[in-house]
Amino acid sequence: MYILYHFPYSQHARRVVSLLEAAKLPYELRHVDMASGAHLSAAYLAINPNHQVPTLLDGDLVLHESNAILRYLCHKHGLTDWYPADPKHRARVEQWLDWNQCRLSPAVIDIVRNKLFRGDKGDLAAIARGEANLRELAPILDAGLAAQDFLTGPKPTIADLAVASNLFQLGLAKVSPPGAHTAAWYQRMGTLDAFRKSLPPA
Ligand SMILES: N[C@@H](CCC(=O)N[C@@H](CS)C(=O)NCC(=O)O)C(=O)O
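What you see is a predicted model; the values in this text were computed from it and never measured.

## A word on the site of the ligand
Step number 1: Taken together, Ser10, Gln11, His12, Met34, His39, His51, Gln52, Val53, Pro54, Glu65, Ser66 and Gln101 are the residues near the ligand.
Step number 2: Between the ligand and His51, the relevant distance is 2.7 Å, taken from an oxygen atom to a side-chain nitrogen or oxygen of the residue.
Step number 3: The protein chains hide 81% of the 510 Å² of surface that the ligand would expose on its own.
Step number 4: Applying the majority rule of atoms within 2 Å of the grid points places the ligand in the largest pocket.
Step number 5: Taken together, the residues of the shell around the ligand break down into 3 nonpolar, 8 polar and 1 charged.

Structural data, given as structure tokens:
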């Protein structure tokens, strides 16, 4: 049984739930109440000194970083549909995972944190920076989806789970990146039970 430290409004935790659900792996969620600062408690810092969710426990393995967790689960369970074995295909998955983490995530965080989570105290300059970055990134995502149903081919992989987790997060702030291919892909993602099960209650 995996234990996943989790918060329902965390896009990073959500992508791990999607994969656990997709692969039908047994897991238990441990709620880290970030709204009340539980991620900063000494007890949680002993588990993850980065004060972040997700953290996965697998016996004596304590693993943080959502993408590392996704890869670990795929390696351990041979989930080659979700994390292809072919080097070129896998490289594309890695490319989108890194793009998501290094390019899209900072924009999403700027926008959602400041438009939504910080309420009146939101940093307007950070929102503007996030929106400017999103304007640059949205066409890149849309072009990547122009010729295929999912980011790296005809089937979804962990790259799709990771990017879709960020798009859902943007949606919380009522923002969606423009692009017809992106919209169609996001709809397709919405048909996946595993993705839907990772979302917080409406
Ligand atoms: N690189 C980390 C980022 C995790 C992350 O930023 N988690 C957020 C919630 S979505 C968090 O716990 N933030 C609290 C903090 O940084 O103090 C990952 O991919 O797991």
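## Some thoughts on the sheet that holds strand 2 (residues 27–31)
Pairing between sheet strands relies on hydrogen bonds along the backbone, with the strands arranged either parallel or antiparallel.
Step number 1: Strand order across the open sheet formed by 4 strands is 2-1-3-4, with mixed pairing between neighbours. Whereas interior strands pair on both sides, the edge strands pair on one side only; in this sheet they are strand 2 and strand 4 (61–64). Direction aside, neighbouring strands of the sheet carry axes that sit 20 degrees apart on average.
Step number 2: Note that strand 1 (residues 2–6) and strand 3 (residues 55–58) share 3 bridges and pair antiparallel. Across the sheet, the residue bridging to Ile3 is Leu57, located in strand 3.
Step number 3: Packing against the sheet, helix 1 (residues 11–22) makes contact with strand 1 and strand 2, and its axis sits at approximately 150 degrees to strand 1.
Step number 4: In the packing of helix 3 (residues 66–77) onto the sheet, contacts are made with strand 1, strand 3 and strand 4, and the angle to strand 4 comes to roughly 130 degrees.

## A few points about the domain arrangement of the protein chain
Step number 1: By domain assignment, the protein chain separates into domain 1 (2–77) and domain 2 (87–192).
Step number 2: The C-alpha-based centres of domain 1 and domain 2 are spaced at 21 Å.
Step number 3: The interface is formed by 15 residues belonging to domain 1 together with 18 residues belonging to domain 2.
Step number 4: Of the roughly 1300 Å² buried between domain 1 and domain 2, counting both surfaces, carbon and sulfur atoms make up 52%.
Step number 5: Interface area lost by domain 1 to domain 2 is led by Gln11, Arg15 and Arg71, which between them contribute 38%.
Step number 6: Taken together, the links from domain 1 to domain 2 amount to 9 residue pairs in polar contact (both at pLDDT 80 or more).
Step number 7: Those elements that place two or more of their residues in the side of domain 1 that touches domain 2 are helix 1 and helix 3.
Step number 8: Class assignment for the residues of the side of domain 1 that touches domain 2 results in 4 nonpolar, 7 polar and 4 charged.

## Notes on the side chain of Ser165
Step number 1: Following the sequence through the fold, Ser165 ends up in helix 6 (residues 158–172).
Step number 2: Given a relative accessible area of 1%, Ser165 falls into the buried group.
Step number 3: Polar contacts involving the side chain of Ser165 include one to the main-chain carbonyl oxygen of Gln11, which spans 3.1 Å.
Step number 4: Beyond its immediate sequence surroundings of up to four residues, Ser165 is in contact with Gln11, Arg14, Arg15 and Phe195.

## Section: the layout of surface pockets
Step number 1: Roughly 740 Å³ of volume is contained in the largest pocket.
Step number 2: Lining the largest pocket are 24 residues, and of these Gln11, His12, Met34, Ile109 and Arg113 sit closest to its centre.
Step number 3: Element by element, the count of residues in the lining of the largest pocket is highest for helix 4 (residues 87–117), at 6 residues.
Step number 4: Per-class residue counts for the lining of the largest pocket are 10 nonpolar, 11 polar and 3 charged.
Step number 5: Of the residues that make up the lining of the largest pocket, three or more belong to each of domain 1 (2–77) and domain 2 (87–192).
Step number 6: The computed volume of the second largest pocket comes to approximately 150 Å³.
Step number 7: Lining the second largest pocket are Glu21, Ala22, Lys24, Trp82, Leu192, Asp193, Ala194 and Lys197.
Step number 8: If you list the elements that add at least two residues to the lining of the second largest pocket, you get helix 1 and helix 8 (193–197).
Step number 9: No other element matches the 3 residues that helix 8 contributes to the lining of the second largest pocket.

Calculation criteria
Residues numbered from 1 in each chain as written. Predicted model: local features only at pLDDT ≥ 70, side-chain atom pairs only at ≥ 80, totals over all residues. Heavy atoms only, no water. Near = heavy atom within 4 Å. Polar contact = N/O pair within 3.5 Å; in protein donor to acceptor, adjacent residues only side chain to side chain. Areas by Shrake-Rupley, 256 points an atom, 1.4 Å probe, with all protein chains shown as cover. 1 Å grid on protein atoms, 1.4 Å probe; cavity = no way out; pocket = protein on both sides within 12 Å on 5 of 7 lines; lining within 4 Å. Sits in = over half its atoms within 2 Å of the grid points. Nonpolar A, V, L, I, M, F, W, Y, C, P; charged D, E, K, R; others polar. Pairing = 2+ DSSP bridges. Helix = DSSP H or I, 4+ residues; strand = E, 2+ residues; numbered from the N terminus. Axes fitted to C-alpha atoms, helices over the stretch in contact; angles between N-to-C directions. Contact = heavy atoms within 4.5 Å. Domains from an automatic or database assignment. Buried area = accessible area lost by both parts, 1.4 Å probe. Buried < 20%, exposed > 50% of the residue type's maximum accessible area, 1.4 Å probe, protein only. Points joined across faces, edges and corners; volume = space filled by probe spheres on them.

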